[in-house]
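Structure assessment
Read off the chains here:
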Amino acid sequence: MPTFLRTHLTALRMLLVMTVILGIAYPLLVTGVSQLAFRQRANGSIVEVDGKPVGSSLLGQRFDLPQSDPSAPARPDPKWFQPRPSAGGYDPAASGASNLGPNSADLLKAVQERRAAIAAFDGVDPATVPPDALTASGSGLDPHISVAYAKEQIDRVARERGLPAAQLDRLVEEHTDGRSLGFLGQPGVNVLELNQAVAELK
């Protein structure tokens, strides 16, 4: 057999072997392990209410009032805890930041408008609005808010739902995630999971 043909056959055999190992066996192994050990996360960490999916605990989303006119601007629903802003409109296909820097006049204007709107919505002093309520995350899909922002919203949600503020305060404490590995980042509250707990209150 000519050398060039023998070389090509060797390469073809290697291609077939590596395709089976890396293209079939390895993906099946990883999928199997993830389904056995991390089933909830591997399937998107979907949160369900009455058997129906309402979102993923890994992604931020809107909690707005129902709209009859799709072209009208969305308005946040005061009965729910609200997430931090999103430069991409909470669209997973448009994940990203606004890329506006600290010297941007557009960013400063947006922060000032958000501060006034959130202070009026929550009925608080504009000076007390936490930073994460004013700025979007790098991905625009952060499912968490700071403990301070969650607590700022307690009185509004309690008033709109006719619930004791102390009961909601306990829920916020129960749904506060600690620092990663005990020392990385800051404690945060998953908004979707918190709102699901609020919906389950009797």
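First, a word on scope: everything that follows refers to the structure included in this document. Per-chain numbering applies: the sequence of each chain, read as written, is numbered from 1 onward. A pLDDT threshold of at least 70 governs which residues receive local features in this predicted model, and a stricter bar of 80 or more applies before side-chain atom pairs are shown or counted, although totals over entire chains, interfaces and linings include all residues. In computing side-chain values, all of the structure's heavy atoms are included and hydrogens and water are not.

**Things to note about the overall build of the protein chain**
Secondary structure elements follow DSSP: runs of H or I no shorter than four residues count as helices, runs of E no shorter than two count as strands, and numbering proceeds from the N terminus. If you tally the helices and strands in the protein chain, you get 7 helices and 5 strands. If you list the helices and strands of the protein chain from N to C, you get α-α-β-β-α-β-α-α-α-β-β-α. Taking as baseline every contact in the protein chain between residues at least 6 positions apart, the subset at least 24 positions apart corresponds to 55%. In the form shown here, the protein chain has an accessible surface area of approximately 12900 Å², with 60% of it arising from carbon and sulfur atoms. Residue contacts are defined here by distance: any two heavy atoms, one from each residue, within 4.5 Å place the two residues in contact. Areas reported here follow the Shrake-Rupley algorithm with a probe of radius 1.4 Å; residue values treat only the protein chains shown as occluding.

**A closer look at the sheet that holds strand 5 (residues 188-190)**
Pairing is antiparallel across the open sheet formed by 3 strands, whose spatial order is 3-5-4. At either end of the open sheet lies a strand with only one pairing partner, and these are strand 3 (144-146) and strand 4 (176-177). Examined bridge by bridge, strand 4 and strand 5 share 2 bridges and lie antiparallel to one another. Considered in strand 5, the bridge of Asp-177 is made with Gly-188. Two strands pair if DSSP finds at least two bridges between them.

**Quick notes on a nonpolar patch on the surface**
Note that patches include only residues with greater than 30% relative accessible area and no salt bridge, and the join distances are 9 Å for like charges and 5 Å for nonpolar side chains (Val, Leu, Ile, Met, Phe, Trp, Tyr). Whenever a carboxyl oxygen of Asp or Glu lies within 4 Å of a side-chain nitrogen of Lys or Arg, that contact is scored as a salt bridge. A cluster of nonpolar residues, Met-14, Val-17, Met-18, Ile-21, Leu-22, Tyr-26, Leu-29, Val-30 and Val-33, forms a patch on the protein surface that exposes about 830 Å² of accessible area. If you trace the backbone, Tyr-26 turns up in helix 1 (residues 3-37).

**What about unusual backbone geometry?**
Positive phi is not limited to glycine here, since Tyr-90 has a value of about 65 degrees. Mapped onto the elements of the fold, Tyr-90 is located in the loop between strand 2 (52-56) and helix 3 (105-122). For the exposure calls, accessible area comes from a 1.4 Å probe over protein chains only, and a residue counts as buried if that area is under 20% of its type's maximum, exposed if over 50%, partly exposed in between. Take Tyr-90: its relative accessible area is 15%, and that puts it in the buried class. A positive phi is found at Asn-99, a non-glycine position, where the angle reads about 65 degrees. Following the sequence through the fold, Asn-99 ends up in the loop between strand 2 and helix 3.

**Quick look at the packing of aromatic side chains**
Each Phe, Tyr or Trp ring, with Trp reduced to its six-membered ring, pairs with another whose centre is within 6.5 Å; inter-plane angles below 30 degrees give stacked pairs, above 60 give edge-to-face pairs, and intermediate values give tilted ones. Taken as a whole and assessed by the stated rule, the structure comprises 1 aromatic pair. On the basis of an interplanar angle of 40 degrees and a centroid distance of 6.2 Å, the ring pair of Phe-63 and Trp-80 is categorised as tilted. With Phe-63 in the loop between strand 2 and helix 3 and Trp-80 in the loop between strand 2 and helix 3, this residue pair connects regions lying 17 residues apart in the sequence. Against the face of Trp-80 rests Arg-161, its NZ or CZ located 4.3 Å from the ring centre. Throughout this description, the term charge over a ring refers to an Arg CZ or Lys NZ atom that lies within 6 Å of the ring centre and within 35 degrees of the ring normal.

**A word on the packing of helix 5 (residues 154-161) against helix 6 (residues 165-174)**
In the contact formed by helix 5 and helix 6, the axes pass within 9 Å of each other and the chain directions differ by 130 degrees. In terms of orientation, helix 5 and helix 6 fall into the oblique class. Helix 5 and helix 6 meet at a crossing whose hand is right-handed. For the pair helix 5 and helix 6, the contacting residues are Ile-154, Asp-155, Val-157 and Ala-158 in the first and Ala-165, Leu-168, Asp-169 and Val-172 in the second. Under the convention adopted here, Pro, Cys and the residues Ala, Val, Leu, Ile, Met, Phe, Trp and Tyr are nonpolar, Asp, Glu, Lys and Arg are charged, and Gly plus all remaining residues are polar. Here the contact of helix 5 with helix 6 is composed, by residue class, of 6 nonpolar, no polar and 2 charged. Only the stretch in contact is used when fitting a helix axis, every axis being a line fitted to C-alpha atoms; angles between N-to-C directions are given from 0 to 180 degrees. Oblique is the label for any angle not covered by the other classes, which are roughly parallel (under 35 degrees), roughly antiparallel (over 145) and roughly perpendicular (65 to 115). For any helix crossing, the convention is left-handed if the near helix is rotated counterclockwise from the far helix by under a right angle, and right-handed if that rotation is clockwise.

**Observations regarding the pattern of salt bridges**
Counted under the stated rule, the structure contains 5 salt bridges. With its nearest N and O atoms 2.9 Å apart, the salt bridge here joins Glu-173 to Lys-151. Placement of the pair is Glu-173 in helix 6 and Lys-151 in helix 4 (residues 147-152), with a sequence separation of 22 residues. It is possible to trace a salt-bridge network through shared partners that takes in Lys-151, Asp-169 and Glu-173.

**A short note on the pairing of strand 2**
The pairing of strand 1 (residues 46-49) with strand 2 spans 4 bridges and is antiparallel. If you follow Glu-48 over to strand 2, its bridge partner there is Pro-53. What sits between the antiparallel neighbours strand 1 and strand 2 is a turn of 2 residues, in which Asp-50 has the positive phi angle 55 degrees.

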